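# A closer look at the structure
Next come the chains, spelled out residue by residue.
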Amino acid sequence: MLLIPMVRERADLIVDLVLSNAKAYVDNEIVDCCLAINQGKIFRISKEANMPKAETNTDLKKTLVLPGLIDVHVHLRDEGKTGKEDFYSGTAAAAAGGVTTVLDMPNNNPVTMSAETLRRRMTIAERKVLVNVGFYSEFPKDTKETGEIIREGAVGFKLYMAEQIGGLNIDDDYALLEAFKTVSGMNRPVAVHAEDKSTLKKAEDECKRANRNDIEAFLNTHAEKAEVIAVKRLLSIAKQTSVHMHFCHVSTENGLKAITDGKKSGMPITCETTPHHLFLSVDDLRRIGTSALTMPPFREKRHLAALWNGIRNDWIGILASDHAPHTAAEKKAKLIWDVKVGIPGLETTLPLLLTKVKRGLLSITDLVRLMSENPAEIFGLGSRGCLKEGNDADFVVVDLDSKHRIDASKFFSKAKFSPFDGCNVEGKPIKTYVSGRLVVDEGEIVAEAGSGGIIRRK
Ligand code: DOR
Ligand code: ZN
Ligand code: ZN
């Protein structure tokens, strides 16, 4: 009796796509299987014999299929900053790097800090994006607007502590407390750039008075203590509420220790670090020069070791690129204080991590946890982040054996520089699918602008 509906389903159903001969990362292991995709979702993961008929059949020839990467820290720019990047070039870079979802930062022109600016940004993005894009908002000037920003679908709030960017006065502990109380019950993280503004300003002013214009002066200014002071200050305010604090690009041993102490005390805290803070040190910055300047900067080796330790112990739950494109001219300003800080990272993250996997320094399980599962879970991104029937069909096909050299001049990003330029890597994304649609095939964009999705978090 029960067999009859099954047989009827098999006979009638033609799904959009069947990928055969895959080695897919499913339920924490790599399995030989086929994937059937229908209407943007993973319809079935099973053996060849259980696959329905499909409009399109693709033989993956035993290549590895991973959940698409979710990069929770990306500056897509556009609007008043299209010279640096726009929604098309930025999401093309994402797709080429195997990243199927990005979360966009609000330090734009205009700053995303109201329901209206957020709505407008989503509308502009809708016509251009190639992957899924969610949006952060800075805190609004008027706390009463917080709810409206959330109803518009912001994935979280960004709080930039290094200088005043959003509507919330970052010098005012009481205002911070009120903002944290407001978002506490709203199920949205507050993602923080934790460098203390007055600590930075004091150190920078001293350097400027001494006519310093060198990388060491920048490093002295952005010292570990600027991160530690900001983290501790925010945690002392946050602990009076139940706000979910997410610390962006954690870069120092003691910054991470302060975060970990907060976590151990039971506070709802998460954090991320970046590939550049894990793989590059001050020596690389000195060798490369101002094009590699970021905030926070690359650190001494002891910090790199502490960050790796944080990953091994699960204190750091996410890796994110902090893709921060700038023009070539902006990276070469005469005065170090005028150099625009930030580097592109969407196209280097996955090859760099796959190289670590090949060398046995990271497992595939770690990679998927740090770049797909945890980001989806921590940012409430619904049915993304793992290959499972019913989930969004966001995935990347990877050639683990492809040896190549990173060539920034070939980036889809408008920012054609990278501190990893010229590095030899092993492992390459070869096909990227977003909601079941092939977006990048062997290094070429094959989808239409606007075919990606806007995430409005409910
Ligand atoms: O290096 C950085 N670049 N750090 C930031 O906090 C901002 C970012 C950017 O927007 O360029
Ligand atoms: Zn930042
Ligand atoms: Zn950033």
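A brief look at the structure comes next. (Residues numbered from 1 in each chain as written. Chains lettered and ligands numbered in written order. Predicted model: local features only at pLDDT ≥ 70, side-chain atom pairs only at ≥ 80, totals over all residues. Heavy atoms only, no water.)

Here the focus is the site of ligand 1. In the vicinity of ligand 1, the contacting residues are His75, Arg77, Asn107, Tyr160, His193, Thr294, Met295, Ala324, His326, Val341 and Gly342. For ligand 1, an oxygen atom lies 3.3 Å from a polar atom in the side chain of His75. Here an oxygen atom of ligand 1 and a side-chain polar atom of Arg77 are 2.8 Å apart. Across the complex, the protein chains shield 95% of the 290 Å² of accessible surface that ligand 1 would expose by itself. Structurally, ligand 1 is housed in the largest pocket. (Near = heavy atom within 4 Å. Polar contact = N/O pair within 3.5 Å; in protein donor to acceptor, adjacent residues only side chain to side chain. Areas by Shrake-Rupley, 256 points an atom, 1.4 Å probe, with all protein chains shown as cover. 1 Å grid on protein atoms, 1.4 Å probe; cavity = no way out; pocket = protein on both sides within 12 Å on 5 of 7 lines; lining within 4 Å. Sits in = over half its atoms within 2 Å of the grid points.)

A word on the coordination of the zinc ion (ligand 3). Looking at the zinc ion (ligand 3), the protein donor atoms are His73 (NE2), His75 (NE2) and Asp322 (OD), and they sit 2.1 to 2.2 Å from it. Counting the intervening residues between successive donors of the zinc ion (ligand 3) yields the motif H-x1-H-x246-D. A distance of 3.5 Å spans the gap from the zinc ion (ligand 3) to the zinc ion (ligand 2). Taken together, the residues His73 in strand β6 (residues 69–74) and Asp322 in the loop between β13 (318–319) and α13 (349–358) connect sequence positions 249 residues apart. Assigned by exposure class, His73 and Asp322 land together as buried. (Donors = N, O, S within 2.8 Å, 3.2 Å for Na, K, Ca; no water. Helix = DSSP H or I, 4+ residues; strand = E, 2+ residues; numbered from the N terminus. Buried < 20%, exposed > 50% of the residue type's maximum accessible area, 1.4 Å probe, protein only.)

To continue, consider the layout of surface pockets. When its volume is computed, the largest pocket comes out at roughly 870 Å³. Those elements giving two or more residues to the lining of the largest pocket turn out to be β9 (156–160), α6 (197–209) and α7 (215–221). With 5 residues, α6 is the largest single contributor of residues to the lining of the largest pocket. Tallied by class, the residues present in the lining of the largest pocket amount to 15 nonpolar, 12 polar and 13 charged. Around the second largest pocket, the lining is made up of 18 residues, and of these Ala96, Glu347, His404, Lys410 and Lys428 lie nearest the centre. Those elements that place two or more of their residues in the lining of the second largest pocket are β14 (395–405) and β15 (424–434). Classifying every residue of the lining of the second largest pocket gives 8 nonpolar, 4 polar and 6 charged. (Points joined across faces, edges and corners; volume = space filled by probe spheres on them. Nonpolar A, V, L, I, M, F, W, Y, C, P; charged D, E, K, R; others polar.)

With that out of the way, let us pick up the packing of helix α9 (residues 253–264) against helix α12 (residues 301–312). Axis separation between α9 and α12 bottoms out at 8 Å; the angle between their running directions is 30°. Comparing their axes, α12 and α9 come out roughly parallel. Together, Glu253, Asn254 and Leu256 of α9 and Arg302, His303, Ala306, Leu307 and Gly310 of α12 make up the contact between the two elements. (Axes fitted to C-alpha atoms, helices over the stretch in contact; angles between N-to-C directions. Parallel < 35°, antiparallel > 145°, perpendicular 65-115°, else oblique. Contact = heavy atoms within 4.5 Å.)

Enumeration over the complete set of coordinates arrives at 1 cavity of 30 Å³ or more. Taken as a whole, the largest cavity holds about 30 Å³ of empty space. Every residue along the wall of the largest cavity is listed here: Pro275, His276, Ile343, Pro344, Gly345, Thr348, Thr349 and Phe420. Residues of the lining of the largest cavity, tallied by class, amount to 4 nonpolar, 4 polar and no charged.

Pairing within the open sheet is parallel, and its 8 strands lie in the order β6-β7-β8-β9-β10-β11-β12-β13. Unpaired on one side and paired on the other, β6 and β13 mark the two borders of the sheet. Note: strand β7 (residues 99–104) against strand β8 (residues 132–138), 4 bridges, orientation parallel. Directly across from Asp104, in β8, lies its bridge partner Phe135. This element, helix α8 (residues 224–238), spans β9, β10 (190–193), β11 (245–247) and β12 (269–273) of the sheet and lies at about 170° to β11. (Pairing = 2+ DSSP bridges.)

This next bit is on α12. With 12 residues, α12 ought to run about 16 Å at 1.5 Å a step, and its terminal C-alpha atoms sit 17 Å apart, in line with that. Looking only at α12, the buried set comprises His303, Leu304, Ala306, Leu307, Trp308, Gly310 and Ile311. Residues of α12 that are buried in the fold lie against α8, α9, β12, α10 (275–279), β13 and α14 (364–378). Asp314, located one to two residues past α12, shows a positive phi value of around 70°. (Expected span 1.5 Å × (residues − 1).)

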